[in-house]
Amino acid sequence: MTSQSTLPKAGSGQASLDAHGSGLQAGLKNRHLSMIAIGGVIGAGLFVGSSAGISTAGPGILLSYALVGTLVVLVMRMLGEMSAANPTSGSFSAHADRALGNWAGFSIGWLYWFFWVVVLAVEATAGAAILAAWIPAVPQWGWALIVMVVLTATNLASVGSYGEFEFWFAGIKVVAIAAFIVVGLLAVLGVLPGVHSDKAGFDNLVAHDGFLPNGPGAILTGMLLVVFSFMGSEIATLAAGEAEDPQRAVTKATNSIIWRIAVFYLGSIFVVVSLLPWNDASITEKGSYVAALDSLGIPHAGQIMNFIVLTSVLSCLNSGLYTASRMAFSLGERGDAPKSFARTNSRGVPVAAITSSVVFGFVAVFFNYKFPDSVFLFLVNSSGAVALFVWLVICLSQLRMRRIIQREAPEKLVVKTWLYPYLTWATIGFIVFIIGYMLTDTEHDGREHVARASGRSIRL
């Protein structure tokens, strides 16, 4: 029964929190958590992977992003409710352990760890490809090794080092998208100095066979193509266990998720489909953001986007290693992984959890180079559906955790899920519907789309 696991009582201080009481240190500042929360929702898949969704659903991809974004807002609200009451490095896995039983925490924890160590391999390869194109004297495998070693060293140094690197990586992503939105809107309105585009205009939303050129069914297919690019929104709740003020950090991250998704996802995609017709060949050939910038005649647009994508890749690598290691730490702490994973050094760093995660990442990098169309493709495809299952487990956990929090520490219910339990059940139904559509979509072969989407969204 869940009631056997009690929540820390109010006023007991940070030392009572799971993370702090077992070796991790509060090395993340509020500014780190704020930028991790903002940057976490901006996946590298947004920059390039969005082109597949646009070519599938046309301007209607905005509805796909809006629906998935709404789903993420609801799920993160539920996770925020649980994490604000009990910030812990295990986040939703630890909550599932309490609410649903050890089998749930064990399963979803290892699935999530598996997802992120595969991400390490794909992002290392993607970053190495960009760097090798710039400096071909170093082979691609050499760059992959360099990138992995540098970011592993960063995570091994201290949690503060991870936070500082992620602060700047995420900051570049945020500034880049904000600048893209401003420049794009000015160009669409025809007031950008020195730039004139014959293709830009709000009429692109309806002028080329309508807002839904491939029919309303394409909205659902578009959702399958974009859902995995939202993975990472939950990183702030895992990092909260090592924050100076975890409850405040979780509350702030949860309350700001709406505008973050609205601006960075819907805002930037709206600019893309306004700058270019949805069926413009350059969108699929170059990637949506590069094509949009090229249409404005901005010099070196491709290299600018390559730099931004590289930054996103490094950010995903940095966060992926941190996230995988903290999930391994939590699993070790609960007896679901080797006990060595739960040990920390004098700086509060779980060395064994980090090294084991990066070792698997190196193995996956090897598979990527040696068996790109067989073993590695299997790893990527099998990790793709993890997002939906993670969100489903969060919803099911919150149904029971709300009652536990109200019974044991009602004063910790500082973040509340709206319209509980009705909205929670509706979200569960929506996720189950998406999974069902994914497996039964014979018209668009949903399973194939999911496999492609997972690989594409993790890659870039």
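On a predicted model such as this, the values are computed, not experimentally measured, just so you know.

**A word on the overall build of the protein**
Regarding its fold elements, the protein presents 21 helices and zero strands. In the protein, which comprises 460 residues, the share counted as buried stands at 60%. Look at the contacts in the protein between residues 6 or more apart in sequence, and 82% of them connect residues 24 or more apart. Carbon and sulfur atoms provide 66% of the accessible area of the protein, an area that totals close to 16,800 Å².

**Looking at the packing of helix 10 (residues 217–226) against helix 20 (residues 422–440)**
Look at helix 10 against helix 20: their axes get within 10 Å of each other, and the N-to-C directions meet at 95°. It follows from the interaxial angle that helix 10 and helix 20 lie roughly perpendicular. Seen from helix 10, the contacting residues are Gly217, Leu220, Thr221, Met223 and Leu224; seen from helix 20, they are Phe430, Phe433, Ile434, Tyr437 and Met438. Residue composition of the contact of helix 10 with helix 20, grouped by class: eight nonpolar, two polar and no charged.

**So, the environment of lysine 199**
With respect to the helices, strands and loops of the structure, lysine 199 is situated in the loop between helix 9 (159–188) and helix 10. Here lysine 199 falls in the partly exposed class, since its relative accessible area comes to 42%. With 76 residues separating them in the primary sequence, lysine 199 and leucine 275 have C-alpha atoms 6.4 Å apart. When residues no more than four places from it in sequence are discounted, the contact partners of lysine 199 are Asn204, Ser274, Leu275, Leu276, Pro277 and Asp280. Among the polar contacts listed, one links the side chain of lysine 199 to the side chain of aspartate 280, at a separation of 2.8 Å.

**Some points on helix 20**
Its 19 residues give helix 20 an end-to-end C-alpha distance of 27 Å, which sits within 8% of 27 Å, the value for a rise of 1.5 Å per residue. Along helix 20, the residues that are buried comprise Thr424, Thr427, Ile428, Ile431, Ile434, Ile435, Tyr437 and Met438.

**Details of the pattern of salt bridges**
Taken as a whole and judged by the stated rule, the model has six salt bridges. Note that arginine 326 and glutamate 242 form a salt bridge whose closest N and O atoms lie 2.9 Å from each other. Of this pair, arginine 326 sits in helix 16 (residues 301–333) while glutamate 242 is found in the loop between helix 11 (235–239) and helix 12 (246–255), placing the two residues 84 residues apart along the sequence. On the basis of relative accessibility, which here comes to 0%, the residue glutamate 242 falls in the buried class.

**As for empty space enclosed by the protein**
Following the criterion strictly, the structure yields four cavities of 30 Å³ or more and no others. There is about 70 Å³ of room inside the second largest cavity. Together, Met76, Ser233, Ala236, Thr237, Ala253, Thr254, Ile257 and Arg260 line the second largest cavity. Counting residues per element, the ones that place at least two in the lining of the second largest cavity are helix 11, helix 12 and helix 13 (257–275). By residue class, the composition of the lining of the second largest cavity is four nonpolar, three polar and one charged.

**What about a nonpolar patch on the surface?**
Judged by side-chain polarity, Trp141, Leu145, Val149, Phe362 and Tyr369 come together as a nonpolar surface patch covering roughly 480 Å² of accessible area. Every element with two or more residues in the nonpolar patch is listed here: helix 8 (140–157) and helix 17 (351–370). Per element, the largest residue contribution to the nonpolar patch is three residues, and it comes from helix 8. As for its position among the elements, leucine 145 is in helix 8.

**Thoughts on the nonpolar core**
By size, the foremost hydrophobic cluster in this structure holds 142 residues, and its most contacted members are Phe92, Tyr112, Val390, Trp391, Ile394 and Ile431. No other element matches the 19 residues that helix 7 (residues 102–134) contributes to this core. Aside from chain neighbours lying at most four places away, what touches tyrosine 112 is Phe92, Met231, Glu234, Ile235, Leu238, Thr323, Met327, Val386 and Val390.

**A word on unusual backbone geometry**
Trans peptide bonds make up most of the peptide bonds, and negative phi angles are found at most residues other than glycine. Of the consecutive residues tyrosine 420 and proline 421, the connecting peptide bond is found in the cis state with omega at 0°. Its place among the elements puts proline 421 in the loop between helix 19 (386–408) and helix 20. Of note, serine 91 is a non-glycine position whose phi angle comes to about 45°, a positive value. On the secondary structure map, serine 91 appears in helix 6 (residues 91–99). Serine 91 gets classed as buried once you look at its relative accessible area, which sits at 1%. Backbone geometry at aspartate 209 places phi at a positive 65°, although glycine is not the residue there.

Definitions and cut-offs
- Residues numbered from 1 in each chain as written.
- Predicted model: local features only at pLDDT ≥ 70, side-chain atom pairs only at ≥ 80, totals over all residues.
- Heavy atoms only, no water.
- Helix = DSSP H or I, 4+ residues; strand = E, 2+ residues; numbered from the N terminus.
- Buried < 20%, exposed > 50% of the residue type's maximum accessible area, 1.4 Å probe, protein only.
- Contact = heavy atoms within 4.5 Å.
- Areas by Shrake-Rupley, 256 points an atom, 1.4 Å probe, with all protein chains shown as cover.
- Axes fitted to C-alpha atoms, helices over the stretch in contact; angles between N-to-C directions.
- Parallel < 35°, antiparallel > 145°, perpendicular 65-115°, else oblique.
- Nonpolar A, V, L, I, M, F, W, Y, C, P; charged D, E, K, R; others polar.
- Polar contact = N/O pair within 3.5 Å; in protein donor to acceptor, adjacent residues only side chain to side chain.
- Expected span 1.5 Å × (residues − 1).
- Salt bridge = Lys/Arg side-chain N within 4 Å of Asp/Glu carboxyl O.
- 1 Å grid on protein atoms, 1.4 Å probe; cavity = no way out; pocket = protein on both sides within 12 Å on 5 of 7 lines; lining within 4 Å.
- Points joined across faces, edges and corners; volume = space filled by probe spheres on them.
- Patch = residues over 30% accessible without salt bridge, like charges linked within 9 Å, V, L, I, M, F, W, Y side chains within 5 Å.
- Core = buried A, V, L, I, M, F, W, Y, C linked by side-chain atoms within 4.5 Å.

Honestly, that's just the spatial picture; any functional story needs more than this.
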